[in-house]
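Commentary on secondary and tertiary structure
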Amino acid sequence: MTAPVRAALYLRVSTGRQADNDLSIPDQRRQARAYCASRGWEIVADYVEPGVSATDDRRPEFQRMIDAATTKPPAFDVIVVHSFSRFFRDQFQLEFYVRRLAKSGVRLVSITQELGDDPMSNMIRQIMALFDEYQSKENAKHTLRAMNENARQGFWNGSRPPIGYRIVEAAEQRGHRTKKILEIDPIQAETVRLIFRLAWEGNGTSGPMGVKSITKHLNAAGIRTRDGGRWGIDAVHKVPTRTTYIGRHRFNTKFWKTRERKPKTEVVEMMVPPIIEAAEFEAVQAHLKARSPVWTAPRIVSGPTLLTGICFCAACGMAMTLRTGKSGRYRYYTCSTKARQGNTGCRGRTVPMEKLDTLVADHIEHRLLLPSRLEKILSSVLDRREGRTERQAKHIAELRKRASEADAKLKRLYDAIENGVTDLSDLMLKDRIIELKAIRDQARADTERAEGAIERLGPTITTQSIKAFARTARKRMRTESGGYRRDYLRALAQRVEVDTEELRIMGSKSELLRTLVAASSAKTAGFGVPSSVPKWRARRDSNCCSRREKGLLWVYCREQSSARRSG
């Protein structure tokens, strides 16, 4: 008596929704069992793949089945599927695995597309697989087109939203499905704002922070991700570089198989509620770009030359580089374009290094570092700082109210349990208690974090502290040998433009304030090396100081406010 044919069933649906709600897998199993019973085959294995596409072989159950089929001896003689599309929707891959199975003596059988082993049957199977592949690609194209249009109309297509947002049902319903939109998560949105603030201004004792420094700061402060885990560099980097936070979420940015970026023409922008102002977002992008070694060479930060990386030719916009003469006895700043191409490339200035260093440092020392001048420059920044503190105080009050309300609701539930009104074994009651505890604990943690952010703003800036800062800065600008302190100068000026008849010295008010706060703090009275090169050009206005010396007009222009720059 011959042994019965051993069969393995492979059952699959494409999406998780089908796996949860459809009857497809039970129906496939019923028909496959009936098919095997009618032929006297013995079912020895059952492989179920719920919610996985058949366009590739990255399927756990599929690979487990192939491993069992290609071992020696194979675990079964035949694989039974409802149709060839359940096995693969890629003609090349289907043929590859059919031949691989045949080498182990295992056949692939479809209960709805019965074919033999002759050449004609093989050709028909290949044609069927080609149509399955075509149909799969057409379905994907139409699905993506519908999802793109859904995003254009402001509806969420699924998947997990970026941190700072949560999914809610839309007020209107179109068709038979309830549409979803994004709204701001008030708790997680504060973490997003904190990351942007650290990237733009620092924590009060440092300059603008890089991604790695922000990651360390968040973890050291006990600020967790929305899953309760620790922050990683990649997760932090996604926050300040995502346009979603200024209200423009980008959908359909990558090919889902290769993860390669798609052309900009295929990307769809979905409007969502903004968490960050556009001016702040652009400023953070400039800082991140300036910190990147791709854009800013490490020598700009660590080199010995006083103005390296911040000195530019006003005529062509290129950097002023160091050139030497007489075997290094003379040193000059000269336009890099002029140095490479001569006067035909640019007619920019060539200035002796010592002369330019002295004039820049003298102007900052004697014209910027005046208490009245500093107060005038920083007035708008201090106003914004005070306004931010007021908003933080209101937010802290809301968080405390949320924590107390959750606490009060928990107390009422506990009273109801003690009085026998509610049964403790009720599962919904347990879930509600867990939910209220989570809300209360999160609100308390956010309150502590917000209070810490106010404390990290540093001491209040007064007229006396400004005078002390100006006096100390003028003193520490110079070294004992008569030279200049590179880090001190760069804390006060971040861009120097050399024109034929004038020199423009530009600085950041937020960086100046950060330096002033650090100098006023009990922790440190020093300066930090600026970590970014601003990408703005301050306009000469009524707040400019000027002085003529040897045919040059030396100007220190204030940074424009965020509102004016964004306008």
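It should be noted that the structure appears before, not after, this text.
Summarised in this report is the structure supplied together with it. A quick note: this is a predicted structure, and the numbers were derived from the prediction, not measured. (Residues numbered from 1 in each chain as written. Predicted model: local features only at pLDDT ≥ 70, side-chain atom pairs only at ≥ 80, totals over all residues. Heavy atoms only, no water.)

1. Overview of helix α13 (residues 353–368)
An ideal rise of 1.5 Å per residue puts 22 Å on 16 residues; α13 measures up with 21 Å between its terminal C-alpha atoms. For α13, the set of buried residues is Met353, Leu356, Asp357, Leu359, Val360, Ala361, Asp362, His363, Ile364, Glu365 and Leu368. (Helix = DSSP H or I, 4+ residues; strand = E, 2+ residues; numbered from the N terminus. Expected span 1.5 Å × (residues − 1). Buried < 20%, exposed > 50% of the residue type's maximum accessible area, 1.4 Å probe, protein only.)

2. Section: the sheet that holds strand β3 (residues 78–81)
The strands that make up a sheet are held in pairs by hydrogen bonds between backbone atoms, and each pair lies either parallel or antiparallel. With respect to topology, four strands assemble into an open sheet ordered β2-β1-β3-β4, the strand pairing being parallel. With one partner strand each, in any of the chains shown, β2 (42–49) and β4 (107–110) form the two edges of the open sheet. Across the sheet, the mean angle separating the axes of adjacent strands is 25 degrees when strand polarity is ignored. Of the strand pairs in this sheet, β3 and β4 are connected by four bridges, and their pairing is parallel. Bridge pairing in β4 links valine 78 to arginine 107. (Pairing = 2+ DSSP bridges. Axes fitted to C-alpha atoms, helices over the stretch in contact; angles between N-to-C directions.)

3. Thoughts on the packing of helix α7 (residues 186–200) against helix α8 (residues 211–220)
Following both chains from N to C, one finds α7 and α8 inclined at 130 degrees, their axes separated by 10 Å at the closest point. Comparing their axes, α8 and α7 come out oblique. The handedness of the crossing between α7 and α8 is right-handed. For the pair formed by α7 and α8, the contact residues are Leu194, Ile195, Leu198 and Ala199 on the first element and Ile214, His217 and Leu218 on the second. For the contact of α7 with α8, the residue count by class is six nonpolar, one polar and no charged. (Parallel < 35°, antiparallel > 145°, perpendicular 65-115°, else oblique. Left-handed = near helix turned anticlockwise from the far one by under 90°. Contact = heavy atoms within 4.5 Å. Nonpolar A, V, L, I, M, F, W, Y, C, P; charged D, E, K, R; others polar.)

4. Digging into the packing of helix α5 (residues 91–103) against helix α6 (residues 119–152)
The interhelical angle for the contact between α5 and α6, taken along N-to-C directions, is 140 degrees, at an axis separation of 8 Å. Taken together, the axes of α5 and α6 lie oblique to each other. Contacts from Gln91, Leu94, Glu95, Val98 and Arg99 in α5 reach Arg125, Gln126, Ala129, Leu130 and Glu133 in α6. Here the contact of α5 with α6 is built from residues that sort into four nonpolar, two polar and four charged.

5. Focus on the sheet that holds strand β12 (residues 350–352)
Spatially, the three strands line up as an open sheet ordered β10-β11-β12, and their pairing is antiparallel. The open sheet terminates on both sides in strands that have one partner only, identified here as β10 (320–325) and β12. Each strand axis lies, on average, 30 degrees off the axis of its neighbour in the sheet, ignoring direction. For β10 and strand β11 (residues 330–335), the ladder comprises six bridges, and the chain directions are antiparallel. Within the sheet, the bridge partner assigned to leucine 322 lies in β11 and is tyrosine 333. Running over the sheet, α13 touches β10, β11 and β12 and is turned about 80 degrees from β12.

6. Considering the pattern of salt bridges
Following the criterion strictly, the structure yields 24 salt bridges and no others. With a closest N to O distance of 3.1 Å, glutamate 95 and arginine 125 form a salt bridge. Here glutamate 95, found in helix α5, pairs with arginine 125, found in helix α6; they are 30 residues apart in sequence, far enough to count as distant. Of the residues examined, glutamate 95 reaches a relative accessible area of 7% and is grouped as buried. Among the ionic pairs, glutamate 502 bridges to arginine 504, the shortest N-O distance being 2.2 Å. Note on accessibility: glutamate 502 and arginine 504 belong to one class, buried. (Salt bridge = Lys/Arg side-chain N within 4 Å of Asp/Glu carboxyl O.)

7. Looking at unusual backbone geometry
Note the cis peptide between lysine 72 and proline 73, where omega equals -5 degrees. The residue proline 73 is located in the loop between α3 (60–70) and β3 in this model. Its identity as a non-glycine residue notwithstanding, asparagine 252 has a phi of 65 degrees, on the positive side.

Interpretation note: all reported values are geometric properties and have no functional meaning in isolation.
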